[in-house]
Amino acid sequence: MAPDGGGVNAQILDLITDRALDLQRFSAGQQKEVTKFLKELETELISLLAKIDPVGVQRSRYRDQRLEDLLRQVRDTIKAGYRAQGSVLIGELRELAELEAKFASASVNDTVGIALMDNALTRAELGALADGVLVQGAPVTEWWERQAGDTLYRFTDQMRLGMAQGETIGQLIRRVRGGIQNAEPISGLLNVSRRHAESLVRSATQAVSQGARQATYERNADVLDGVIWASTLDLRTTLGCAVRDQKQYSLPDFKPIGHDLPWGNGPGQRHWGCRSTSAPVVKSWRDLGFELDDLPDATRASMDGQVPSDTSFEVWLSKKSKSAQDEALGAGRADLWRKGLISFRELVDGQGRELSLQQLRERL
């Protein structure tokens with residue numbers, strides 16, 4: 001479809017782009033809460049560790065027994081802590097699903113000026129959606145349980161390794177907290193837990209948001225011509241998402257329209273930390289059964305069903321510096337693209353997966 005920078009669909013896409021910033025702020029708040037939880041957990045683990053034996057006592061059967069006792073306490077502490085924090089996370093995701101479903105319909109209705117889309121999803125349906133949404137193939141609750149187990153395994157391994165090396169309590173504590181040991185900086189073992197938890201929060205937020213909007217679009221497919229893939233316009237966007245930007249797909253089967261890039265898992269779930277989303281393509285007034293070409297003045301815009309394409313990722317990237325293009329695509333790929341030897345679409349294979357530089361050269 002032809003570009004339409006001032007139409008209804010362009011305005012809806014602008015609202016969705018602005019919404020992405022709100023979601024980033026929401027996700028940042030969740031990440032702060034997770035970091036706070038892990039810091040409190042670290043303090044509790046260190047407190048338990050400090051009670052293994054009296055100051056100055058070295059490795060002994062007594063100390064080994066205290067370590068095993070400690071690990072049993074730690075197991076209960078980690079499981080209970082993660083369970084409580086996971087309940088908070090799931091509760092927030094359920095509320096987010098409700099908010100995003102309302103936003104999906106409101107972004108269309110407020111722009112058009114009439115109640116074109118319904119809030120067709122019940123609270124129970126949205127709660128089930130939040131509980132069941134998959135992040136890289138597994139529900140959020142399952143990922144959270146895995147992270148609890150990983151944290152316990154890392155703690156256990158580090159403590160047993162330190163004990164085997166005859167480390168003091170202070171040295172064992174540094175394995176948990178981080179610091180300088182043997183003149184070398186060491187990272188606290190919960191730093192890995194923090195990175196994994198933050199990544200899960202970001203991915204889950206985007207997946208639930210996208211899932212709630214997408215379910216709303218599907219329930220209102222009779223007034224839509226489909227959806228378009230909307231990728232974040234920055235240099236952290238993956239190539240697979242970049243080439244799909246502004247591509248249109250049908251509802252409810254998500255078949256490509258005018259291109260051959262598959263929908264796959266869809267935006268928000270294509271990879272860890274995926275920030276892509278989708279935007280609805282509203283039908284024209286005539287397709288909806290109204291003999292109108294333009295909306296009344298009070299409703300601000302014409303509705304012609306066209307998809308805005310003048311702000312695609314490729315167009316956006318073409319206006320960036322050579323170094324920025326190299327950063328986004330890789331120097332070799334960017335050079336082939338700039339020289340016109342390959343198209344932007346040819347940067348990925350038939351399934352939308354990134355091609356290696358050697359594979360690209362073989363296609364020339």
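Quick caveat, the model's predicted, so the values are computed rather than measured.

K.L.:
Lay out the sheet that holds strand 5 (residues 224–230) with the relevant residues and their values.
P.N.:
Within the open sheet, the four strands sit side by side as 7-6-5-8. Their pairing is antiparallel. Of all strands in the sheet, those bounded by a partner on one side alone are strand 7 (256–257) and strand 8 (277–282). Of the strand pairs in this sheet, strand 5 and strand 6 (residues 248–249) are connected by two bridges, and their pairing is antiparallel. Residue pairing in the sheet places valine 227 in a bridge with tyrosine 249 of strand 6.

K.L.:
Break down the packing of aromatic side chains for me, with residues and values.
P.N.:
In this description, a pair of aromatic rings is defined by centroid distance and the angle of the planes. Scanning all chains against the criterion turns up eight aromatic pairs. When the ring of phenylalanine 37 is compared with that of tyrosine 82, the centres are 5.2 Å apart and the planes differ by 90°; the resulting orientation is edge-to-face. You can see phenylalanine 37 sitting in helix 1 (residues 8–49) and its partner tyrosine 82 sitting in helix 2 (residues 61–112), a full 45 residues away along the chain. Here the two residues phenylalanine 37 and tyrosine 82 agree in accessibility, since each one is buried. An aromatic cluster of three or more residues is present, and its members are Trp229, Tyr249, Phe254 and Trp263. Across the ring face of tryptophan 143, the terminal group of arginine 146 is positioned such that the distance to the ring centre comes to 4.5 Å. Above the ring of tryptophan 229, the side-chain terminus of arginine 244 is found at 5.5 Å from the ring centroid.

K.L.:
Let's hear about the side chain of aspartate 326: which residues, and what values?
P.N.:
The topology assignment puts aspartate 326 in helix 9 (residues 322–329). Residue classification places aspartate 326 among the buried positions, given a relative accessible area of 17%. Ignoring any residue separated from it by four or fewer positions in sequence, one finds aspartate 326 in contact with Ala331, Ala334 and Arg338.

K.L.:
How would you summarise the packing of helix 4 (residues 140–164) against helix 5 (residues 169–177) if you had to cite specific residues and measurements?
P.N.:
Packed helix pairs are specified by the crossing angle of their axes together with the interaxial distance, meaning the distance between the axes. Running from N to C, helix 4 and helix 5 cross one another at 155°; their axes reach a closest spacing of 10 Å. Classified by the interaxial angle, the pair formed by helix 4 and helix 5 is roughly antiparallel. Pair helix 4 / helix 5 crosses with right-handed handedness. Along the contact surface, helix 4 presents Phe155, Gln158, Met159, Leu161, Gly162 and Met163, while helix 5 presents Leu172, Arg175 and Val176. Among the residues forming the contact of helix 4 with helix 5, the class breakdown is six nonpolar, two polar and one charged.

K.L.:
A description of the packing of helix 1 against helix 5 should follow, citing residues and the corresponding values.
P.N.:
One way to put it is that helix 1 packs onto helix 5 with a least axis distance of 10 Å and a crossing angle of 165°. As judged from the angle between their axes, helix 1 and helix 5 are roughly antiparallel. Both helix 1 and helix 5 take part in a crossing whose hand is right-handed. Here helix 1 contributes Glu42, Ile46 and Leu49 to the contact with helix 5, which in turn contributes Ile169, Leu172, Ile173, Val176 and Arg177. Taken together, the residues of the contact of helix 1 with helix 5 sort by class into six nonpolar, no polar and two charged.

K.L.:
Break down the pairing of strand 5 for me, with residues and values.
P.N.:
Most of strand 5 is tucked away: six of the seven residues are buried. One ladder, built from five bridges, connects strand 5 with strand 8; its direction is antiparallel. Bridge assignment links alanine 230 to a residue of strand 8, and that residue is threonine 277.

K.L.:
Describe in detail the pattern of salt bridges, supporting the description with residues and values.
P.N.:
Following the criterion strictly, the structure yields 15 salt bridges and no others. A salt bridge links arginine 175 to glutamate 167; the nearest nitrogen and oxygen atoms lie 2.8 Å apart. A residue is classified by how much of its surface remains accessible, and glutamate 167, at 6% relative accessible area, is buried. The salt bridge partner of lysine 339 is aspartate 335, with a shortest N-O separation of 3.1 Å. What you see here is one network of salt bridges that share partners, running through Arg19, Glu100 and Arg213.

K.L.:
Account for the nonpolar core, naming residues and giving values.
P.N.:
The biggest cluster of nonpolar side chains holds 51 residues, and the ones touching the most others in it are Leu93 and Phe155. A total of 12 residues in this core trace back to one element, the largest contributor, which is helix 2. Apart from the residues within four sequence positions on either side, leucine 93 is in contact with Gln30, Ala130, Val140, Ala204, Thr205 and Val208. Counting 42 residues, the second largest nonpolar core, distinct from the first, contains Trp229, Val282, Leu336 and Trp337.

K.L.:
Before we move on, could you go through helix 5 and cite the residues and values that matter?
P.N.:
Along helix 5, the positions that sit buried rather than exposed are Ile169, Leu172, Ile173, Arg175 and Val176. Seen along its axis, helix 5 keeps its buried residues to an arc of 150°; they face one direction. Two residues or fewer past helix 5, glycine 178 is found with a positive phi of approximately 90°.

K.L.:
Now, about unusual backbone geometry: what can you tell me, with residues and values included?
P.N.:
The phi torsion of most residues other than glycine is negative, and most of the peptide bonds are trans. The peptide bond linking leucine 251 to proline 252 adopts the cis configuration, its omega dihedral lying at 5°. If you trace the backbone, proline 252 turns up in the loop between strand 6 and strand 7. Even without glycine at this site, glutamine 246 takes up a positive phi of about 75°. Inspection of the secondary structure puts glutamine 246 in the loop between helix 7 (239–242) and strand 6. Take glutamine 246: its relative accessible area is 12%, and that puts it in the buried class. The residue phenylalanine 254 is not glycine, and still its phi comes out positive at about 55°.

Each value, and the rule that gives it
Residues numbered from 1 in each chain as written. Predicted model: local features only at pLDDT ≥ 70, side-chain atom pairs only at ≥ 80, totals over all residues. Heavy atoms only, no water. Pairing = 2+ DSSP bridges. Helix = DSSP H or I, 4+ residues; strand = E, 2+ residues; numbered from the N terminus. Phe/Tyr/Trp six-rings, centres within 6.5 Å; stacked < 30°, edge-to-face > 60°. Buried < 20%, exposed > 50% of the residue type's maximum accessible area, 1.4 Å probe, protein only. Lys NZ or Arg CZ within 6 Å of the ring centre and 35° of its normal. Contact = heavy atoms within 4.5 Å. Axes fitted to C-alpha atoms, helices over the stretch in contact; angles between N-to-C directions. Parallel < 35°, antiparallel > 145°, perpendicular 65-115°, else oblique. Left-handed = near helix turned anticlockwise from the far one by under 90°. Nonpolar A, V, L, I, M, F, W, Y, C, P; charged D, E, K, R; others polar. Salt bridge = Lys/Arg side-chain N within 4 Å of Asp/Glu carboxyl O. Core = buried A, V, L, I, M, F, W, Y, C linked by side-chain atoms within 4.5 Å. Arc of directions from axis to C-beta.

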